[in-house]
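Residues per chain, in single letters:
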Amino acid sequence: MKSAVDHLLDLVAIPSVSSMSNRSVIDYALAELNPTAWSIQLYAYRDAAGIEKVNLLATTGARVAELLLVCHTDTVPFDSAWPEAVNPKVRNGKLYGRGSCDVKGYLACILAAVSELDVRRLSKPLAILLTADEEIGCVGAKYIAGKNAIRSRYAIVGEPTGLRPVRAGKGYALAEIVVRGKEAHSAFPARGRSAIYDGARVVARLEQVAKKLAARKNADFDPPYTTLNVGLIRGGTAKNIVPGECRITVEWRPVPGVDPNWPAMLIQEELARLKRRYPGFDAQLDVQRMDPTFDPSSTDALATLVQSLARRRPATVAFGTEAAHLRSLTTETIVFGPGNMETAHKTGEFVPTAELNKCVEILKKVIERLCGPSDHYA
Ligand SMILES: [Zn+2]
């Protein structure tokens, strides 16, 4: 029987960057799930580039599960100069490779846990959902939620949390502000209008908006407020042309309890103020993405159970997860998994093998406690 480390070595060797099809990872999982125990449904779609993406739903019983284990199958891209990215290695108790931590490690744990239990003997249904395209906007999870493909009382969404049960997470919003000026020869600035000067006024106001956001606290988070970042600024065409356009990319991560639209409203107010103060000022806010916050569930039975097994305190996360999109399908959801998100999304990504093994033990106990009895080991 394969261990979680064995599975993870196999899984990292199957590249599944979001731009590629995830079909090979799904096929790997299919081959590992005992066909006499699981009924399988595939939800495939084509992405904007026409590439096939597949979500897998496996259930041991009815369409209403007691426990749902969710894991995404795609990874962020990797540097071609990093040889271990898809040739994983174990060194000093760490397994290195792209996706080892985010989040094929958790997938490996699910596969090991369900093969070590005889899931046919569970008295309440267990389900597994493997999704596509999480790293580019939780596309697969949204697809499954839109189809109402499954319902479950409890759900554990995999992400590297250092085996802490995570009960809530910040939302995510992305917007672009387009500032329009008027081009002119730089020797005659009065004949034009600099979009960069106007853009600088916008940026200064955005800093004030960030301060307003920081005043509304949610003590469950670090930092304990909605953050805002001006990540990109692009403007002008040449050194001797008064710039005609300036584009500012801004994101914010709302805490639960704050309307995710509130920052957009504050930005609109500031743009209107600038328009009154500077005649001819022209700027437009275009919100491109608005992912909901992951609000804490009203019950905490699952979080408490995982906390007692993992001996780790419940936490919150500042990054977006599929949990926010799948909340409508479940009563209580936590985010949980081996590894630390700070080692993910970069060259040298790894997961500690001891955490993989511990995660398998925790998953087996959670499955037995919630879906049991399973007195018989396969
Ligand atoms: Zn992830």
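Because the structure is a prediction, the values reported are computed rather than measured.

Re helix 3 (residues 104–116)
(1) Moving on: Compared with an ideal rise of 1.5 Å per residue, which puts 13 residues at 18 Å, helix 3 spans 18 Å between its outermost C-alpha atoms and is within 8% of the ideal.
(2) Moving on: Buried residues dominate helix 3, accounting for 12 of its 13 residues.
(3) Moving on: Those residues of helix 3 not exposed but buried are Lys 104, Gly 105, Tyr 106, Leu 107, Ala 108, Cys 109, Ile 110, Leu 111, Ala 112, Ala 113, Val 114 and Glu 116.

Remarks on the domain arrangement of the protein chain
(1) Moving on: Domains assigned within the protein chain are domain 1 (4–169 + 294–371) and domain 2 (172–291).
(2) Moving on: Averaged C-alpha coordinates put domain 1 and domain 2 at centres separated by 36 Å.
(3) Moving on: Between domain 1 and domain 2, the contact holds 12 residues from the first and seven residues from the second.
(4) Moving on: Counting the surface lost from both domain 1 and domain 2, the interface buries some 630 Å², and carbon and sulfur atoms represent 56% of this.
(5) Moving on: When the buried area of domain 1 at its contact with domain 2 is split by residue, Gly 169, Thr 316 and Ala 318 rank highest and sum to 47% of it.
(6) Moving on: Where domain 1 touches domain 2, the interface holds one salt bridge.
(7) Moving on: Among the ionic pairs, Lys 142 bridges to Asp 291, the shortest N-O distance being 3.9 Å.

Re the coordination of the zinc ion
(1) Moving on: Looking at the zinc ion, the protein donor atoms are His 72 (NE2), Asp 102 (OD), Glu 159 (OE) and Glu 159 (OE), and they sit 1.9 to 2.5 Å from it.
(2) Moving on: If you look at the zinc ion, its four donor atoms make angles of 54 to 142 degrees with each other, and the shape they trace is irregular.
(3) Moving on: Between consecutive donor residues of the zinc ion, the sequence gaps follow H-x29-D-x56-E. Of this pair, His 72 sits in strand 3 (residues 64–72) while Asp 102 sits in the loop between strand 5 (94–96) and helix 3, placing them 30 residues apart in sequence.

Let's talk about unusual backbone geometry
(1) Moving on: In the segment running from Asp 102 into Val 103, the intervening peptide bond is cis, with an omega of -5 degrees.
(2) Moving on: Relative to the assigned elements, Val 103 resides in the loop between strand 5 and helix 3.
(3) Moving on: Of the consecutive residues Asp 222 and Pro 223, the connecting peptide bond is found in the cis state with omega at -10 degrees.
(4) Moving on: Although it is not a glycine, Asp 133 adopts a positive phi angle of roughly 60 degrees.

So, the pattern of salt bridges
(1) Moving on: Under the defined criterion, the tally for this structure stands at 24 salt bridges.
(2) Moving on: One salt bridge in this structure joins Arg 193 and Asp 198, with 2.7 Å as the shortest N-O distance.
(3) Moving on: Owing to a relative accessible area of 25%, Arg 193 belongs among the partly exposed residues under this scheme.
(4) Moving on: Exposure remark for Asp 198: the relative accessible area of 1% places this residue in the buried category.
(5) Moving on: Sharing partners across several salt bridges, the network here consists of Glu 176, Arg 180, Arg 234, Glu 245 and Arg 247.

Regarding the sheet that holds strand 9 (residues 172–180)
(1) Moving on: Sheet architecture is open: four strands sit in the order 11-13-9-14, paired in antiparallel fashion. The strands lining the two open edges of the sheet, one partner per strand, are strand 11 (227–235) and strand 14 (283–291). Adjacent strand axes in the sheet meet at a mean angle of 15 degrees, parallel and antiparallel pairs treated alike.
(2) Moving on: Judged from the eight bridges that link them, strand 11 and strand 13 (residues 245–253) form a sheet pairing that is antiparallel. Within the sheet, the bridge partner assigned to Val 230 lies in strand 13 and is Val 250.

Parameters at a glance
Residues numbered from 1 in each chain as written. Predicted model: local features only at pLDDT ≥ 70, side-chain atom pairs only at ≥ 80, totals over all residues. Heavy atoms only, no water. Helix = DSSP H or I, 4+ residues; strand = E, 2+ residues; numbered from the N terminus. Expected span 1.5 Å × (residues − 1). Buried < 20%, exposed > 50% of the residue type's maximum accessible area, 1.4 Å probe, protein only. Domains from an automatic or database assignment. Contact = heavy atoms within 4.5 Å. Buried area = accessible area lost by both parts, 1.4 Å probe. Salt bridge = Lys/Arg side-chain N within 4 Å of Asp/Glu carboxyl O. Donors = N, O, S within 2.8 Å, 3.2 Å for Na, K, Ca; no water. Tetrahedral: all angles 85-135°; square planar, octahedral: opposite > 155°, others 65-115°. Pairing = 2+ DSSP bridges. Axes fitted to C-alpha atoms, helices over the stretch in contact; angles between N-to-C directions.

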